[in-house]
There are 2 protein chains.
Amino acid sequence: MINSKKINLTSILPIVSAALAVCIMLIFASSLRAAGPDDDLMNRAKTIFGPLPSSMPSPDNPITPEKVRLGNILFFEPRISIDRTVSCAKCHPPGLYAADGLQKAVGNHCKDNPRNSPTILNAAAQIAEHWIGNRTSVEDQAKQALTGPPAFGMPNNEAVETVLKAMKDYVVLFKTAFPADKDPVTITNFAKAIGAFERTLMTPSPFDDYMKGNAAALSDQQKRGLRTFMDTGCMTCHQSPYLGGQMYQKFGIIEPYAKYTKSAQIDDGRFAVTKNEADRFLFKVPILRNVAMTPPYFHDGSVDRLAEAVTIMAKVQLGRDLATSAADDITAFLRSLTGKMPDSILTAPVLPAEE
Amino acid sequence: MINSKKINLTSILPIVSAALAVCIMLIFASSLRAAGPDDDLMNRAKTIFGPLPSSMPSPDNPITPEKVRLGNILFFEPRISIDRTVSCAKCHPPGLYAADGLQKAVGNHCKDNPRNSPTILNAAAQIAEHWIGNRTSVEDQAKQALTGPPAFGMPNNEAVETVLKAMKDYVVLFKTAFPADKDPVTITNFAKAIGAFERTLMTPSPFDDYMKGNAAALSDQQKRGLRTFMDTGCMTCHQSPYLGGQMYQKFGIIEPYAKYTKSAQIDDGRFAVTKNEADRFLFKVPILRNVAMTPPYFHDGSVDRLAEAVTIMAKVQLGRDLATSAADDITAFLRSLTGKMPDSILTAPVLPAEE
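Residues numbered from 1 in each chain as written. Chains lettered and ligands numbered in written order. Predicted model: local features only at pLDDT ≥ 70, side-chain atom pairs only at ≥ 80, totals over all residues. Heavy atoms only, no water.

### Here we look at the interface of chain A and chain B
Stated precisely, the cut-off is as follows: The contact rule is simple, with two residues in contact once any of their heavy atoms fall within 4.5 Å. Here a salt bridge means any side-chain nitrogen of Lys or Arg lying within 4 Å of a carboxyl oxygen belonging to Asp or Glu. In the analysis that follows, any N or O atom pair within 3.5 Å is treated as a polar contact, provided that within protein one partner can donate a hydrogen and the other can accept it, and provided that, for residues neighboring in sequence, both atoms belong to side chains. Residues are grouped as follows: nonpolar covers Ala, Val, Leu, Ile, Met, Phe, Trp, Tyr, Cys and Pro; charged covers Asp, Glu, Lys and Arg; every other residue, Gly included, is treated as polar.
At the interface, 30 residues of chain A touch 30 residues of chain B. Inspection of the chain A/chain B interface yields two salt bridges. Its salt-bridge partner being Arg 305 of chain A, residue Glu 355 of chain B comes within 3.1 Å of it at the nearest N-O pair. Our count for the contact surface shared by chain A and chain B stands at ten residue pairs in polar contact (both at pLDDT 80 or more). Along the lines of polarity and charge, the residues of the side of chain A that touches chain B split into 16 nonpolar, five polar and nine charged.

In structure tokens, the structure reads:
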């Protein structure tokens, strides 16, 4: 009896093997099924956004290690401001993803700046800098900040040069970065050094891994959010690998934004630069890289929470009432744009001694 | 003729060898002569100052890696101040050797602080913190700064706790650093974490190498300066491996300091704390580690240049008119106290997200 009930392993081996093969095929087929939609979504995202470059070069300011090194040091230098408290890092502190977490930036002697500090990470490839595009490049931004009354507040460029020339380590650093220049400690070179540094500040993120083919880099919710982001039309303005920075757009196409942002003041936007009525309420479309790490939102920092900012954008730009779940999905997707910060900006250099 | 003038190398080898031996002996003897004075100076310095420890422990707040990690992050955190601009790093920026380069510190809403920001490097082993000793320890300093009106300016400790508790990464970090606590996000623990971090901030310098026996670590001028520093009596107050921080002393023993510092105001010093007339114009003797990197000098930052500060100190504390060369030698010696900054404070951590 007992013997007859013993299972004959040899006899069932073909059956077990066949079952295993079916299982493996099913698993494989299911992974293929999962890969199908991911392939579509990946390809669509790749086509729309494209790969994040490894730097943001400019023909006017070639990136060299020596310029980047000097720019990295100057980025943290407060002694070139009128009250010796303002450095680039003041409004772009590395620990907060190079934004400052304030509604509007605060400059020398606690002067209010007109608008919110955007992050400088991935920012150099934009059509212009500042919310209203009144800085043509990161170099122009760096240069103009020095004498900007609510920024560094220096009386003129020469005053900055005098401070820098008084520190012998800076003279060496400028000479090394600009070896062909007879008198290298100039504001033009200051701007080039800061610019070269900023042009290296890329933050590749899980979204980039996804576009490269790693389906596991985004959660299911983030994939839904990516699809909704594209289907709803957000990507019409938030283009390029930076998801923004490539055009101006009116804030409040469908309805005035302040109805929802509760902004205390209405900002004329780019009209302030061009005096062209068509530019009223136009702002540069902000890049969305690291957006989850850089609240508060909008040009006036009027909204604290990302999901609320998403909902408002859909309403006033696209006339869409996003379901809470859709706003949450888009918000989850936007979190996949939080990238790895470069070591350079996270490592504060020791600044030159004053004597 | 030519052949007879040829030098017979074999015949002169003993002479060459003997000459070489004499040379080597002379060099060796000369190095022995040089080592003699160095030994005396080294031993004297070692006896007076003693070796710099590897950390500054406190029985009340044992240093753990988890506390240090949390403290390092909190050190850079500005969102716990009333205007969200003040972090510990604001008055102690790493790039300026954890001092701020200002005459007097500037706090929230640009409020003036009463005195100059000292560096926090090597600072935890002092008898007390702040120029007038009104903070008992680095932990006490960190805690009181939060509600100090010209510092972080928060209305109360609970307001700080609320900000921290709203960021889930902080809750995890506090729990990890204080695993025995049921409700670890407290100001007491905030202070312990900052304190533990500060207790690790040592900056060993060439002077330490010299005291360890490396005669080449100091230049001849620095050695003269060290000797003058000790012979003139500076080390009477600037004691310990920190060259200060171990006592209070009247500023202006021989003459009123303001005669030389041109200070705009006279500071009552520790009298403000104790209301004891004997404490009028007393200040904690500042540590001199990294002093060359942390101008301006004195409790009110009234003097910019180190050699001038040295000259004034000799005059008003010791009644000595230092020759320019002696002041320069001491200044050169003080530069040997500029040490290597710890990587931890030079590496800005990414701060927890707000949602």
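### Details of the state of the cysteines
Applicable threshold: The disulfide criterion is simple: two cysteine sulfur atoms within 2.5 Å. For the purposes of this entry, the term helix denotes a DSSP run of H or I that reaches at least four residues, the term strand denotes a run of E that reaches at least two, and both are numbered from the N terminus. Working definition: with a 1.4 Å probe on protein chains only, accessible area under 20% of the residue-type maximum means buried, over 50% means exposed, and in between means partly exposed.
Under the criterion given, the structure shown has one disulfide over all chains. With its sulfur 2.1 Å from that of its partner, Cys 110 of chain A forms a disulfide with Cys 110 of chain B. Note on the Cys 110 of chain A and Cys 110 of chain B pair: the S-S dihedral is about 100 degrees, so by sign convention the disulfide is right-handed. Taken as a pair, Cys 110 of chain A in the loop between helix H4 (88-91) and helix H5 (138-147) and Cys 110 of chain B in the loop between helix H4 (88-91) and helix H5 (138-147) lie in two separate chains rather than in one. Here Cys 91 of chain B stays unpaired: no disulfide links it, and the sulfur of Cys 88 of chain B, its closest cysteine neighbor, is 9.1 Å away. Not engaged in a disulfide, the cysteine Cys 234 of chain B finds its nearest cysteine sulfur in Cys 237 of chain B; these two sulfurs lie 9.2 Å apart. Residue Cys 234 of chain B is classed as buried on the basis of its relative accessible area, which comes to 17%.

### A look at the relation of the copies chain A and chain B
Rules: Superposing copies: least-squares fit, C-alpha atoms only, residues required to have pLDDT of at least 70 in both.
Expressed as a screw operation, the relation of chain A to chain B combines 0.0 Å of axial shift with a rotation of 180 degrees, fitting to an RMSD of 0.0 Å. The two molecules are tied by a two-fold rotation axis, judged by turn and shift. Taking C-alpha positions as reference, the residue of chain A nearest the rotation axis is Thr 347 of chain A, located at 2.3 Å. Most of the interface of chain A is mirrored in chain B: 100% of its interface residues are interface residues there too.

### Focus: the side chain of Thr 119 of chain B
Residue and element names in this part refer to chain B. Within the secondary structure layout, Thr 119 lies in the loop between H4 and H5. A polar atom in the side chain of Thr 119 sits 2.6 Å from the backbone oxygen of Tyr 97. Looking at Thr 119, its side chain comes within polar contact range of the main-chain nitrogen of Leu 121, at 3.1 Å. With near-sequence residues (within four places) excluded, Thr 119 lies in contact with His 92, Tyr 97, Ala 98, Ala 99, Arg 289 and Thr 294.

### Quick word on the packing of helix H3 (residues 65-75) of chain A against helix H8 (residues 187-198) of chain A
Residues and elements named next belong to chain A. To be explicit about the condition: For every element, the axis is a line fit to its C-alpha atoms; helices are fit only across the contacting stretch, and the angle between N-to-C directions ranges from 0 to 180 degrees. Relative orientations are named as follows: roughly parallel for angles under 35 degrees, roughly antiparallel for angles over 145 degrees, roughly perpendicular for angles from 65 to 115 degrees, and oblique for any other angle.
The geometry of H3 relative to H8 is characterised by a closest axis approach of 7 Å and an angle of 100 degrees between their N-to-C directions. Classified by the interaxial angle, the pair formed by H3 and H8 is roughly perpendicular. Only Phe 190, Lys 192, Ala 193, Ile 194, Ala 196 and Phe 197 of H8 make contact with H3, whose side of the interface consists of Lys 67, Val 68, Leu 70, Gly 71, Asn 72, Leu 74 and Phe 75.

### Thoughts on the packing of helix H10 (residues 220-232) of chain A against helix H14 (residues 324-335) of chain A
Residues and elements named next belong to chain A. Where H10 meets H14, the axes come as close as 7 Å, and the angle between the chain directions of the two elements is 105 degrees. One finds that H10 runs roughly perpendicular with respect to H14. Of the residues in H14, those touching H10 at Gln 221, Gln 222, Arg 224, Gly 225, Leu 226, Thr 228 and Phe 229 are Ala 326, Asp 328, Asp 329, Ile 330, Ala 332, Phe 333, Leu 334 and Arg 335. Here the contact of H10 with H14 is built from residues that sort into seven nonpolar, four polar and four charged.

### With respect to the packing of aromatic side chains
Residues and elements named next belong to chain A. For clarity, the cut-off: To pair, rings of Phe, Tyr and Trp, with the six-membered ring standing in for Trp, must have centres within 6.5 Å; the planes then decide the type, stacked if under 30 degrees apart, edge-to-face if over 60, and tilted in the middle.
Per the counting criterion, the structure on display carries 20 aromatic pairs over all chains. Ring geometry for Phe 49 and Phe 207: centres 5.6 Å apart, planes at 75 degrees, overall edge-to-face. Here Phe 49 is found in helix H2 (residues 9-49), whereas its partner Phe 207 is found in helix H9 (residues 206-211), with 158 residues between them in sequence. Across the pair, exposure class does not vary: Phe 49 and Phe 207 are buried alike. Ring plane angle 80 degrees and centroid distance 5.2 Å describe the contact between Phe 207 and Phe 333, whose orientation is recorded as edge-to-face. On the criterion of sequence distance, the pair formed by Phe 207 in helix H9 and Phe 333 in helix H14 is long-range, its members being 126 residues apart. With respect to class, Phe 207 is no different from Phe 333; both count as buried. Each member of the aromatic cluster is reached from another via a ring pair, and the members are Phe 49, Phe 207, Phe 229 and Phe 333.

### Comments concerning the environment of Glu 198 of chain B
All names here are of chain B. Considering the arrangement of structural elements, one finds Glu 198 in helix H8 (residues 187-198). It is 13 Å that separates the C-alpha atoms of Glu 198 and Lys 143, two residues lying 55 residues apart in sequence. Beyond its immediate chain neighbours, meaning those up to four positions away, Glu 198 contacts Met 56, Ile 120, Ala 124 and Val 138.

### Some points on the environment of Asp 300 of chain B
Residues and elements named next belong to chain B. Mapped onto the fold, Asp 300 is located in the loop between strand S2 (282-284) and helix H13 (306-318). We classify Asp 300 as buried; its relative accessible area is 8%. A sequence separation of 34 residues divides Asp 300 from Ile 266, and the C-alpha atoms of the two residues are 9.4 Å apart. Beyond its immediate stretch of four places on either side in the chain, Asp 300 contacts Gln 103, Lys 104, Asn 116, Ser 263 and Gln 265. Only 2.7 Å separates the side chain of Asp 300 from the side chain of Ser 302, close enough to count as a polar contact.

### Thoughts on the confidence of the model for chain A
All names here are of chain A. Keep this limit in mind: Every residue gets a pLDDT, meaning the predictor's confidence in that residue, from 0 to 100.
A residue-level look at chain A finds 90% of positions with pLDDT of 70 or above and a mean pLDDT of 93. pLDDT under 50 marks residues 1-5. Its contacts with residues more than four places away, or in other chains, come to zero contacts. Here residues 29-35 is a poorly scored stretch, pLDDT under 50, and it has zero contacts once near neighbours within four places are set aside; other chains count. Both confidence scores are given for the complex: pTM 0.88, ipTM 0.86.

### Section: the nonpolar core
Stated precisely, the cut-off is as follows: Side-chain atoms within 4.5 Å link the members of a nonpolar core, which is a set of buried Ala, Val, Leu, Ile, Met, Phe, Trp, Tyr and Cys residues.
Counting 85 residues, the largest nonpolar core has Phe 190 and Ile 345 of chain A together with Phe 190 and Ile 345 of chain B as its most contacted members. Apart from residues lying up to four places away in sequence, Phe 190 of chain B is in contact with Leu 74, Ile 80, Ala 142, Leu 146, Leu 164 and Phe 174 of chain B.

### Focus: the environment of Ile 48 of chain B
Residue and element names in this part refer to chain B. Structurally, Ile 48 is set in helix H2 (residues 9-49). Each C-alpha atom, one on Ile 48 and one on Leu 70, is 36 Å from the other, the two residues being 22 residues apart in sequence. When sequence neighbours within four positions are dropped, the list of residues in contact with Ile 48 reads Met 230, Met 235 and Ser 240.

### Some thoughts on H8 of chain B
All names here are of chain B. Short version of the rule: Here, expected helix span is obtained from the residue count minus one, scaled by 1.5 Å.
Over its twelve residues, H8 runs 16 Å from end to end, which matches the ideal 16 Å to within 8%, given 1.5 Å per residue. Of all the twelve residues making up H8, ten are buried; the element is thus mostly covered by neighbouring parts of the structure. Where H8 is concerned, the buried positions are Ile 187, Asn 189, Phe 190, Ala 191, Ala 193, Ile 194, Gly 195, Ala 196, Phe 197 and Glu 198. Packed against the buried residues of H8 are helix H3 (65-75), H4, H5, helix H6 (157-165), helix H7 (168-177) and helix H15 (343-346).

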